[in-house]
Amino acid sequence: WNCAQKIFYISPQTCTVLCAPVQFSSIKWVGEVRGEGIVVLGTRALCLPEAGNGKSVAESEAVMWGSECLAYAVEKQEALTGASFLPHAYSSIVSCVHVCRAEAVRNKFRTSVVAVTCKSQLIVFQDGLPKDVLKLPYDKPCSIQIAAAEESNELVVVSFSSGDVCSIWKDSLQVASCWQNMSSVLTDDFIGIGTDQVLVFPKSESISEKLTTFQITDFGKYNYSSNISYHNDSSSPKEVEENRFLTIRALEARLQAGFASVHELQEHLQLKERILMKSCEALIDLVQGREHSFPKAEKEGLVSLWDEKHKPFDNGISTQTKDQEQFVEEVWYRVVDDSLVVGVKLMESFDL
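Residues numbered from 1 in each chain as written. Predicted model: local features only at pLDDT ≥ 70, side-chain atom pairs only at ≥ 80, totals over all residues. Heavy atoms only, no water.

**Section: the overall build of the protein chain**
Stage number 1. Helix and strand counts for the protein chain stand at 3 helices and 21 strands.
Stage number 2. Taken over 352 residues, the protein chain has a buried fraction of 33%.
Stage number 3. Looking at the protein chain alone, contacts between residues at least 24 apart form 34% of all its contacts between residues at least 6 apart.
Stage number 4. With an accessible surface of roughly 23,300 Å², the protein chain has 53% of that area assigned to carbon and sulfur atoms. (Helix = DSSP H or I, 4+ residues; strand = E, 2+ residues; numbered from the N terminus. Buried < 20%, exposed > 50% of the residue type's maximum accessible area, 1.4 Å probe, protein only. Contact = heavy atoms within 4.5 Å. Areas by Shrake-Rupley, 256 points an atom, 1.4 Å probe, with all protein chains shown as cover.)

See below:
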């Protein structure tokens, strides 16, 4: 997260909150880059350099150097060349960015970036250089999403502050479809076919109306519309009925899988809550000097590793010699799922 132009982060590797040594005026994208780990891409103000005669650079150059693109590798804790993603000249006008591909090859970045500007332009950058540009049909773009369609095609879905949505094919920069007066747009594999679809919800006054009025499409085989009229549909009634059947069946299967995942997550959270409550009770008893009675671990779906009575482990083979010092007081083992957990209790006099 960022605060006061600073980046803060924490991970299982750091175990504490760290502050990046670089400052960002605005964060445009956060994602993973092969060979670099998690990378933050943003912009920041740039101090104007001085010419050789001691005077400031020309005003035209000052516009170019007013800000710069900067990338920071969080795990490696080092700054990267932001120009490999976006040219510095675009840093002051870019509104949203999505990095489609980024990898380090022979100390150079190979990147494919899609960005929209405050001037309603969609620009495709290849290795830090502009490749294609398209004038968007609406003003004030506010977000950008990428959907992986069939045959390795990609859809760029741009949302605007007015509620309008526009989807564009990334390779050809051809507009696939436009929606107006929408409340939200999502991209995901909603029907479980291995590729993404675009799901749009029109603005409505009630939640129930919003849930019953939507359109989901991949601009190919699947195109299901619920109470939304869309133009240029030349499908026959049989194709429309088959399309509805396939889409609804896939959505129902995805919904059942979602319900099962939610139920499993709820049980897991309830288990965590019970364990936290028992831990707090044990800590309070410890602070107050009271003896705490531990519950049976099996009641919580866990496996007890030590607090039960065990029989000493004996394999029938004695390897101890007369002069050998005894280090082990007790050996125990447990079978947990498909794993064998073995524990050893050492003598108090044994020094590691």
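Text resumes after the structure shown.
**A word on the sheet that holds strand 1 (residues 2-3)**
Stage number 1. Taking strand neighbours across the sheet as the criterion, the 3 strands line up as 1-2-3 in an open arrangement whose pairing is antiparallel. Only two strands of the sheet have a single neighbouring strand rather than two, namely strand 1 and strand 3 (18-23).
Stage number 2. Note that strand 1 and strand 2 (residues 6-9) share 2 bridges and pair antiparallel. By the bridge assignment, Asn 2 is partnered in strand 2 with Ile 7. (Pairing = 2+ DSSP bridges.)

**Here we look at the sheet that holds strand 16 (residues 182-188)**
Either a parallel or an antiparallel arrangement is found when strands of a sheet pair, and the pairing is made through backbone hydrogen bonds.
Stage number 1. Ordered by their spatial adjacency, 4 strands build an open sheet running 16-17-18-19, and the pairing between neighbours is antiparallel. Two strands bound the open sheet, and with one partner strand each, they are strand 16 and strand 19 (223-226). With strand direction ignored, the average angle separating the axes of adjacent strands in the sheet is 10°.
Stage number 2. Bridge count between strand 16 and strand 17 (residues 197-202): 6 bridges; the pairing is antiparallel. Residue pairing across strands places Thr 187 opposite Val 198, the latter belonging to strand 17. (Axes fitted to C-alpha atoms, helices over the stretch in contact; angles between N-to-C directions.)

**What about the environment of Leu 136?**
Stage number 1. Inspection of the secondary structure assignment puts Leu 136 in the loop between strand 11 (129-135) and strand 12 (141-148).
Stage number 2. In this structure the C-alpha to C-alpha distance between Leu 136 and Val 116, which are 20 residues apart in sequence, comes to 8.9 Å.

**Brief notes about the nonpolar core**
Stage number 1. Leu 41, Phe 85, Leu 86, Val 97, Val 99 and Val 113 are the most contacted members of the largest nonpolar core, which has 19 residues in total.
Stage number 2. If you list the elements that add at least two residues to this core, you get strand 4 (26-33), strand 5 (37-45), strand 6 (67-73), strand 8 (94-105), strand 9 (108-117) and strand 10 (121-126).
Stage number 3. Examining the composition of this core, we find that 4 residues originate from one element, strand 8, more than from any other.
Stage number 4. Cys 96, Tyr 138, Phe 160 and Leu 173 belong to the second largest nonpolar core, which has 16 residues in total. (Core = buried A, V, L, I, M, F, W, Y, C linked by side-chain atoms within 4.5 Å.)

**Concerning the side chain of Thr 195**
Stage number 1. Along the polypeptide, Thr 195 turns up in the loop between strand 16 and strand 17.
Stage number 2. You can call Thr 195 buried: its relative accessible area is 15%.

**Things to note about unusual backbone geometry**
Stage number 1. In this structure, Lys 140 takes a positive phi of about 60° despite not being glycine.
Stage number 2. Residue placement: Lys 140 occurs in the loop between strand 11 and strand 12.
Stage number 3. Residue class for Lys 140 comes out exposed when judged on its relative accessible area of 62%.
Stage number 4. We note that Leu 173 has phi near 55°; this positive angle belongs to a residue other than glycine.
Stage number 5. For Leu 173, the location among the structural elements is in the loop between strand 14 (165-169) and strand 15 (175-179).
Stage number 6. Judged by relative accessible area, Leu 173 falls into the buried class, the value being 10%.

**Considerations on the pattern of salt bridges**
Stage number 1. Counted under the stated rule, the structure contains 7 salt bridges.
Stage number 2. Glu 36 serves as the salt-bridge partner of Lys 76, at 3.5 Å between the closest nitrogen and oxygen. Placement of Lys 76 in the loop between strand 6 and strand 7 (78-81) and of Glu 36 in the loop between strand 4 and strand 5 is noted, with a sequence separation of 40 residues between them.
Stage number 3. Relative accessible area serves as the criterion here: at 10%, Glu 36 is assigned to the buried category.
Stage number 4. Of the charged contacts, one joins Arg 290 and Asp 285 as a salt bridge, the two residues approaching to 2.6 Å between their closest N and O atoms.
Stage number 5. Arg 290 gets classed as partly exposed once you look at its relative accessible area, which sits at 46%. (Salt bridge = Lys/Arg side-chain N within 4 Å of Asp/Glu carboxyl O.)

**Looking at a nonpolar patch on the surface**
Stage number 1. Taken together, Phe 327, Val 328, Tyr 333, Val 335, Leu 340, Val 342, Val 344 and Leu 346 make up a surface patch of nonpolar side chains, about 710 Å² in accessible area.
Stage number 2. No other element matches the 4 residues that strand 21 (residues 339-346) contributes to the nonpolar patch.
Stage number 3. Among the structural elements, Val 342 can be located in strand 21. (Patch = residues over 30% accessible without salt bridge, like charges linked within 9 Å, V, L, I, M, F, W, Y side chains within 5 Å.)

**Some points on the side chain of Asp 164**
Stage number 1. With respect to the helices, strands and loops of the structure, Asp 164 is situated in the loop between strand 13 (154-160) and strand 14.
Stage number 2. One buried charged side chain, Asp 164, makes no salt bridge at all; its nearest oppositely charged neighbour is Lys 203, positioned 7.4 Å away.
Stage number 3. Within polar-contact distance, the side chain of Asp 164 engages the backbone nitrogen of Asn 181 at 3.4 Å.
Stage number 4. The contacts of Asp 164, once residues within four sequence positions are left out, are Tyr 138, Val 158, Ser 159, Trp 179, Gln 180 and Asn 181. (Lys, Arg positive; Asp, Glu negative; His and termini not counted. Polar contact = N/O pair within 3.5 Å; in protein donor to acceptor, adjacent residues only side chain to side chain.)

**A short note on the pairing of strand 4**
The two faces of a sheet get side chains in turn, since along a regular strand they alternate between them.
Stage number 1. Direction of pairing for strand 4 relative to strand 5: antiparallel, over a ladder of 7 bridges. Considered in strand 5, the bridge of Gly 31 is made with Val 39.

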